[in-house]
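Chain by chain, the residues run as shown.
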Amino acid sequence: MTNADSRTKAPGQQAPDVLVVGGGVMGLWAAVMAARRGLSVEIVDRATIGSGASGGVLGALMSHLPDRWNEKKQFQFDALVSLPREIAHLERETGLSAGYRRSGRLIPLPKPHLRDLALGHSRDAGDSWAQGSATFGFNVLEQVPMPGWPAEEVAACGLVHDELAARVAPRRLLALLRAALEMMPNVAIRENTGVARVDSPGGTAVLEDGTSRRFGHLVLAAGTSSFDLLRSMAPPLPRPLGVGVKGQAALFKAAVDPSMPVIFFDGLYIVPHEDGHVAVGSTSENTYTDPAGTDGQLEGLIDEARRVAPLLEKAEVVERWAGLRPKAIGRDPMAGRHPDLHNVSLLTGGFKISFGIAHELARAVIAGIENGSPEGLPPSFAVGSHLKAASRAPEKR
């Protein structure tokens, strides 16, 4: 039995059509998409829903640059355009808010060559980001549009206003998805019990509490744990299928208008949220000793945020957060059926872009369970593409 609140349904005795491993944003969207198709769904999570990397504070929803357009960029563009409709639908069903807003993004341009590049991207956006009624600009501005957001000193050569960018409150979105799932009669949730191993041919998952669950199809959406589980289910490969990249972020309490754009400067995101909060992040650490601990690298980000956005100069930091984000070996998300495990699909490796595209990845993966192959995913997302990359011998040093 789960120790979650009373609205969470306990797992049934009958094998679910879809067993979702992982209760982060990927797993929850997979469960929503499967349940909407009338499939019975069970979610199992090693800890609690949203307790992994999805439960952070940042929530920046950013697009790839509009140059050199390709299938991957088109997929992300379509996902960012469709996300507010999906969220609005769930908000109407549940009465909750995900804290979503298409607030845009400001990118300061401190040097002349960056302005030249931005002008080129602005022209690219006139083609790539103008698709029917979904038209967004990548506009180069001469001056900072509002005092202290950002500092004039970091925008010596102007700044970009990216109209496609948005933000969402990660924990609110997770709560929204959970609430929607709890309203569905064909969904069960089991928390604080991870999957120890999977017998794919037998359609059985052995849980860490010693019990077993049969399944029709398994969706592996357990973040960084997905890579280890998958390795135990298939022949070993010369290289790991993915790694965890540590990210650190912070949350300010600040009297900042929540409608103001996100600031992006030299890898730093400053994200206004509702209720007087501003999130700052994130580091990208490939080596670390404590995956959940914060340290001087985060303090450096906090200091830089105060410099870049003077409105935060005296704001109090109310939370410091760290976690591991899954990065697949092919760098792109890993989504779809496993080519050698007929009843296993992957949904992981989103790294920094998970929140913006998870709903469309999940839609494609669940469609693939019924139709035999994912619908509309770029080839570089395919599990086989990542397996091929992991099959190559490690580079000699």
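Everything quoted here is computed from the prediction, not taken from an experiment. (Residues numbered from 1 in each chain as written. Predicted model: local features only at pLDDT ≥ 70, side-chain atom pairs only at ≥ 80, totals over all residues. Heavy atoms only, no water.)

(A) Broad picture of the overall build of the chain. The number of helices and strands found in the chain is eight helices and 21 strands. Taken over C-alpha atoms, the radius of gyration comes to 21 Å for the chain, in line with the 21 Å a tight globule of 397 residues would show. Per-residue burial for the chain yields a buried fraction of 55% across its 397 residues. Across the chain, every contact between residues at least 6 apart in sequence was considered, and the portion connecting residues at least 24 apart equals 74%. (Helix = DSSP H or I, 4+ residues; strand = E, 2+ residues; numbered from the N terminus. Rg over C-alpha atoms; globule rule 2.2 N^0.38 Å. Buried < 20%, exposed > 50% of the residue type's maximum accessible area, 1.4 Å probe, protein only. Contact = heavy atoms within 4.5 Å.)

(B) Quick peek at the packing of aromatic side chains. Under the defined criterion, the tally for this structure stands at five aromatic pairs. Relative to F77, the ring of W69 has its centre 6.1 Å away and its plane inclined at 75°; by these criteria the two rings are edge-to-face. The class of W69 is partly exposed, set by a relative accessible area of 28%. A residue is classified by how much of its surface remains accessible, and F77, at 1% relative accessible area, is buried. With 4.5 Å between their ring centres and 35° between their planes, F264 and Y269 make a pair best called tilted. Through a chain of ring-to-ring contacts, three or more aromatic side chains come together here, namely W69, F77 and F136. (Phe/Tyr/Trp six-rings, centres within 6.5 Å; stacked < 30°, edge-to-face > 60°.)

(C) A look at the nonpolar core. Within the largest apolar cluster, 63 residues are counted, with the highest numbers of intra-cluster contacts made by V25, W29, I43, L173, L347 and L361. Listing elements by their share of this core, those giving two or more residues are β1 (18-21), α1 (25-36), β2 (41-44), α2 (71-94), α3 (112-128), α4 (170-182), β10 (187-190) and α7 (354-371). Looking at which element gives the most residues to this core, the answer is α1, with ten residues. Aside from chain neighbours lying at most four places away, what touches L173 is V25, W29, I87, A98, V168 and F355. Grouped together as the second largest cluster of nonpolar side chains are 26 residues, M260, I263, V278 and A305 included. (Core = buried A, V, L, I, M, F, W, Y, C linked by side-chain atoms within 4.5 Å.)

(D) Inspection of the packing of α2 against α4 at higher detail. At a closest axis distance of 9 Å, the pairing of α2 and α4 adopts a crossing angle of 60°. As the angle between them shows, α2 and α4 are arranged oblique. For α2 against α4, the interelement crossing comes out left-handed. Counted together, I87, L90, E91, E93 and T94 of α2 and L173, L176, L177, A179 and A180 of α4 form the full contact between these two elements. Across the contact of α2 with α4, the residue classes break down as seven nonpolar, one polar and two charged. (Axes fitted to C-alpha atoms, helices over the stretch in contact; angles between N-to-C directions. Parallel < 35°, antiparallel > 145°, perpendicular 65-115°, else oblique. Left-handed = near helix turned anticlockwise from the far one by under 90°. Nonpolar A, V, L, I, M, F, W, Y, C, P; charged D, E, K, R; others polar.)

(E) Inspection of α1 at higher detail. Relative to the 16 Å expected for twelve residues at 1.5 Å per residue, α1 spans 17 Å between its end C-alpha atoms, a close match to the ideal helical length. Counting buried positions over the twelve residues of α1 gives eleven, a clear majority of the element. Among the residues of α1, V25, M26, G27, L28, W29, A30, A31, V32, M33, A34 and A35 are the ones counted as buried. (Expected span 1.5 Å × (residues − 1).)

(F) Quick look at the sheet that holds strand β11 (residues 195-199). What the three strands build is an open sheet, ordered β11-β12-β13; its pairing is antiparallel. Both outer strands of the open sheet, β11 and β13 (212-214), are each paired with one neighbouring strand and no more. Looking at each pair of strands side by side, their axes are set apart by 20° on average, direction ignored. In this structure, strand β12 (residues 204-207) lies alongside β13, joined through three bridges in antiparallel fashion. Bridged to T204 within β13 is R214. (Pairing = 2+ DSSP bridges.)

(G) Just the pattern of salt bridges, in detail. Taken as a whole and judged by the stated rule, the model has 23 salt bridges. As a salt-bridge pair, R36 and E86 come within 3.0 Å of each other at their nearest N and O atoms. A residue pair is termed long-range when its members are at least 10 positions apart, and R36 in helix α1 and E86 in helix α2 qualify at 50 residues. Close ionic contact of R231 with D228 constitutes a salt bridge, the shortest N to O distance being 2.7 Å. Here the residue R231 and the residue D228 both occupy positions in helix α5 (residues 225-233), the gap between them amounting to three residues, near one helical turn. Judged by relative accessible area, R231 falls into the partly exposed class, the value being 47%. (Salt bridge = Lys/Arg side-chain N within 4 Å of Asp/Glu carboxyl O.)

(H) Representation of the sheet that holds β1 within the structure. Ordered by their spatial adjacency, six strands build an open sheet running β10-β2-β1-β14-β21-β20, and the pairing between neighbours is mixed. At either margin of the open sheet sits one strand with a lone partner, and together these are β10 and β20 (334-337). Each strand axis lies, on average, 20° off the axis of its neighbour in the sheet, ignoring direction. The pairing of β20 with strand β21 (residues 344-348) spans four bridges and is antiparallel. In the sheet register, M334 faces β21, and the bridge partner there is T348.

(I) Looking closely at the confidence of the model for the chain. For the chain, per-residue confidence averages 93 on the pLDDT scale, and residues scoring 70 or more make up 95% of the total. Every residue in residues 1-7 is under pLDDT 50, and counting partners more than four places away or in other chains gives eleven contacts. (pLDDT = per-residue confidence, 0-100.)

(J) Quick look at unusual backbone geometry. Omega for the bond connecting W149 with P150 falls within 30 degrees of zero, at 0°, which places this linkage in the cis form. Looking at the element boundaries, P150 is found in the loop between β7 (138-141) and β8 (159-162). Residue S282 follows G281 across a cis peptide bond; omega there is -10°. Its location among the elements puts S282 in the loop between β18 (277-281) and α6 (296-308). In this model, R68 sits at a positive phi of 45°, which is unusual for a non-glycine residue.

(K) Molecular detail of the environment of M62. Here M62 is to be found in the loop between β3 (60-61) and α2. Separated by 294 residues in sequence, M62 and G356 have C-alpha atoms that sit 7.5 Å apart. Excluding residues that lie within four positions of it along the chain, M62 makes contacts with Q76, L80, R105, A165, A166, V262 and Y269.

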